[in-house]
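Okay, here's what each chain looks like letter by letter:
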Amino acid sequence: MLINKHILLGVSGGIAAYKAAELVRLLRKQGAEVRVVMTKSAMQFIAPLTFQALSGNPVHSELLDADAENAMGHISLARWADLLIIAPATANLIAKLTHGLADDLLSTLYLAATCPVYVAPAMNQAMWNKTVTQENIEKLQHHGVKIIGPEQGDQACGETGYGRMSEPVAICNYLTDAPENQSSSPVQCLQGLKVLISTGPTREPLDPVRYLTNRSSGKMGYALANAALKAGAEVTLVSGPVALTAPANCELVPVETAAQMYEAVMSRASGHTIYIGAAAVADYSPAIMQSEKIKKQEEQTTIILQKTKDILADVAKLDKRPFTVGFAAETHNLETYARDKLVRKKLDMIAANWVGREQGGFDSEQNALHVFWESGEKTLAMTDKTRLAEQLISLIAERFFIKS
Ligand code: C5P
């Protein structure tokens, strides 16, 4: 029920923090991707490593840490989240949220998040019953926050009453049943279809030790492979040299040169329903590869380059052609160039993005796309490449089924 949902789990410092570990496991079982944010005091109760192992993602705790901000900063995390659940939420954290304090990562994320927010309080019964806590809870509800629990029962402090955090299974059920969380992702929308994706840069050898290449990281193509797999497709990934791990359940075809990528794609294209050309294929390759290392001699030298074959255009020319999607990375005139490629290469769709700008593009964690097809277009706003890939796969599935 939570397939593909991005869940941010905030853990604050109460004894119930250990129960949050079970919550991560249950949420993942429901198909969600979970990232955990811990307060300093939560780390006194349970080690971040537990959450890292269970969520499969690094744990976030620092607000003012340049490294953490570079990897996935607080605004990126807030944008990434489909929902924020804070479990356990201490009286102190609840008070901070109520009054808009933002002095650590979790309270800042709450302010930055635009997604639905759920809070599962956990505290001593006297603290829960205190007028100020009850007023804070009422205010939070008024601000649109959904409160889950707490439950009545024995407490770690030896007292009995309201204040026990709801059981992880109850929290998980609450999130699954909430109408706003009903998945609108492309659940199994590509079930049974075969998707071929080419990605990464190519390397065009000049001599045995040198080559021409580009800045492509392959991140978008790998994210597309993951999204297509989640949508139920059988995926073949033809990949240039990248520093990424391919999803275990796809067929990986590693290649190096544009010519090898051409062969790998052309020999498989007709056997696939959809082809997504996300690779940054070299447009030119050295006409001759020197068998020995080129020696340093004159002040200037010339390398003769030969145009490579256009894989995308040739796939689209096949008699038995797959639904063909291309990419256009542009530094200017984005729409004009993208539309021109759509027509000239006879594509079904083209996803255009800016390159050479501060945000997005090659080797970035985030990107935005402007997608064009014959009778329409859609803008996919700046977000992380995982989410962007899911949105693009959804759009490709929609257009594919309309066309076929
Ligand atoms: O014409 P341009 O290279 O800008 O077009 C970009 C699109 O064409 C991308 O989808 C890229 O993967 C594909 N392409 C290709 N073969 C080439 C060059 C580009 O498939 N030789």
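Only a predicted model underlies this, so the values are computations on that prediction, with no experimental measurement involved.

S.K.: For this particular structure, what's the right way to read the side chain of aspartate 314?
M.R.: Tracing the chain through its elements places aspartate 314 in helix H13 (residues 311-317). Filtering out sequence-adjacent residues up to four positions away, aspartate 314 remains in contact with Tyr262, Met266 and Lys309.

S.K.: I keep staring at unusual backbone geometry and nothing clicks. Help me out?
M.R.: Glycine aside, residues mostly have negative phi angles, and peptide bonds mostly take the trans form. Note that the residue after alanine 87, namely proline 88, is joined by a cis bond; omega there is 0 degrees. Mapping proline 88 onto the fold places it in strand E3 (residues 83-89). Even without glycine at this site, asparagine 333 takes up a positive phi of about 50 degrees. Along the chain, asparagine 333 turns up in the loop between strand E16 (323-330) and helix H14 (334-344). Take asparagine 333: its relative accessible area is 43%, and that puts it in the partly exposed class. The phi torsion at lysine 346 lies on the positive side, around 55 degrees, for a residue other than glycine. Mapped onto the elements, lysine 346 comes out in the loop between H14 and strand E17 (349-354). When its relative accessible area of 56% is taken as the criterion, lysine 346 is described as exposed.

S.K.: I would appreciate a short explanation of the packing of helix H1 (residues 17-29) against helix H10 (residues 168-177) in the present structure.
M.R.: When two helices pack together, their arrangement is given by the angle between the helix axes and by the axis-to-axis distance. For the pair H1 and H10, the least separation of the axes is 9 Å and the interaxial angle reads 40 degrees. With respect to their mutual orientation, H1 and H10 come out oblique. Relative to H10, the crossing made by H1 is right-handed. On H10, the residues touching Lys19, Glu22, Leu23, Leu26 and Leu27 of H1 are Pro168, Val169, Ile171, Cys172 and Leu175.

S.K.: Whenever I open this one, the pairing of strand E6 (residues 151-154) confuses me. Can you help?
M.R.: Bridge analysis of E6 against strand E7 (residues 160-164) gives four bridges, and the strand direction is antiparallel. Paired with glutamine 152 across the two strands is tyrosine 162, which belongs to E7. What sits between the antiparallel neighbours E6 and E7 is a turn of five residues, in which glycine 158 has the positive phi angle 100 degrees.

S.K.: Hey, could you run me through the pattern of salt bridges in this one?
M.R.: Throughout the structure, instances matching the rule amount to 19 salt bridges. Of the charged contacts, one joins glutamate 22 and arginine 25 as a salt bridge, the two residues approaching to 3.0 Å between their closest N and O atoms. In this pair, glutamate 22 and arginine 25 are both assigned in helix H1, three residues apart and thus about one turn of the helix distant. Two residues, glutamate 62 and lysine 40, come together in a salt bridge whose shortest N-O distance is 3.3 Å. With glutamate 62 in the loop between helix H3 (48-55) and helix H4 (66-72) and lysine 40 in the loop between strand E2 (33-38) and helix H2 (42-45), the pair connects residues that are 22 residues apart, well separated along the chain. Classification of glutamate 62 by relative accessible area gives partly exposed; the value is 31%. Salt bridges sharing common partners tie together Asp82, Lys230, Arg387 and Glu390.

S.K.: Whenever I open this one, the packing of helix H6 (residues 91-99) against helix H9 (residues 131-142) confuses me. Can you help?
M.R.: Contact geometry for H6 and H9: axes closest at 9 Å, N-to-C directions at 45 degrees. Here H6 lies oblique to H9, going by the angle between them. Where H6 crosses over H9, the two elements pack in a sense that is left-handed. Seen from H6, the contacting residues are Ile94, Ala95, Leu97, Thr98 and His99; seen from H9, they are Asn136, Ile137, Lys139 and Leu140.

S.K.: For this particular structure, what's the right way to read the nonpolar core?
M.R.: Side chains of a nonpolar character, in soluble globular proteins, are inclined to be buried together. Within the largest apolar cluster, 38 residues are counted, with the highest numbers of intra-cluster contacts made by Leu190, Leu224 and Ile276. At the level of secondary structure, the elements contributing two or more residues to this core comprise strand E8 (194-199), helix H11 (219-230), strand E11 (234-239), strand E13 (274-277), E16, E17, strand E18 (366-373) and helix H15 (385-403). When near neighbours in sequence (up to four residues on either side) are disregarded, leucine 190 contacts Val195, Ala228, Ala231, Gly232, Ala233, Ile274, Ile393 and Ala397. Grouped together as the second largest cluster of nonpolar side chains are 31 residues, Leu23, Leu27, Leu83 and Ala122 included.

Criteria and cut-off values
Sequence positions are assigned chain by chain, starting from 1 and proceeding in written order. Whole-chain, interface and lining totals are the exception, using all residues; otherwise, since this is a predicted model, local features are given only for residues with pLDDT of at least 70 and side-chain atom pairs are given and counted only at 80 or more. Excluded from the side-chain calculations are hydrogens and water; all other atoms, namely the structure's heavy atoms, are used. Numbering of helices and strands runs from the N terminus, with a helix taken as a DSSP run of H or I at least four residues long and a strand as a DSSP run of E at least two residues long. Residue contacts are counted whenever heavy atoms from the two residues lie within 4.5 Å of one another. Each residue's exposure class comes from its accessible area (1.4 Å probe, protein chains only) as a fraction of the maximum for that residue type: buried when under 20%, exposed when over 50%, partly exposed otherwise. With axes taken as lines fitted to C-alpha atoms, and helix axes fitted only over the stretch in contact, angles between N-to-C directions fall between 0 and 180 degrees. An angle counts as roughly parallel when it lies under 35 degrees, as roughly antiparallel when it exceeds 145, as roughly perpendicular when it falls between 65 and 115, and as oblique in every other case. For any pair of crossing helices, the crossing counts as left-handed if the nearer helix is rotated counterclockwise from the farther one by less than a right angle, and right-handed if it is rotated clockwise. Being paired, for any two strands, means DSSP has found at least two bridges between them. Definition used for salt bridges: Asp or Glu carboxyl oxygen within 4 Å of a side-chain nitrogen of Lys or Arg. For our purposes a nonpolar core is just a set of buried Ala, Val, Leu, Ile, Met, Phe, Trp, Tyr and Cys residues, chained together by side-chain atoms within 4.5 Å.

Everything listed here is a matter of geometry and, on its own, says nothing about what the molecule does.
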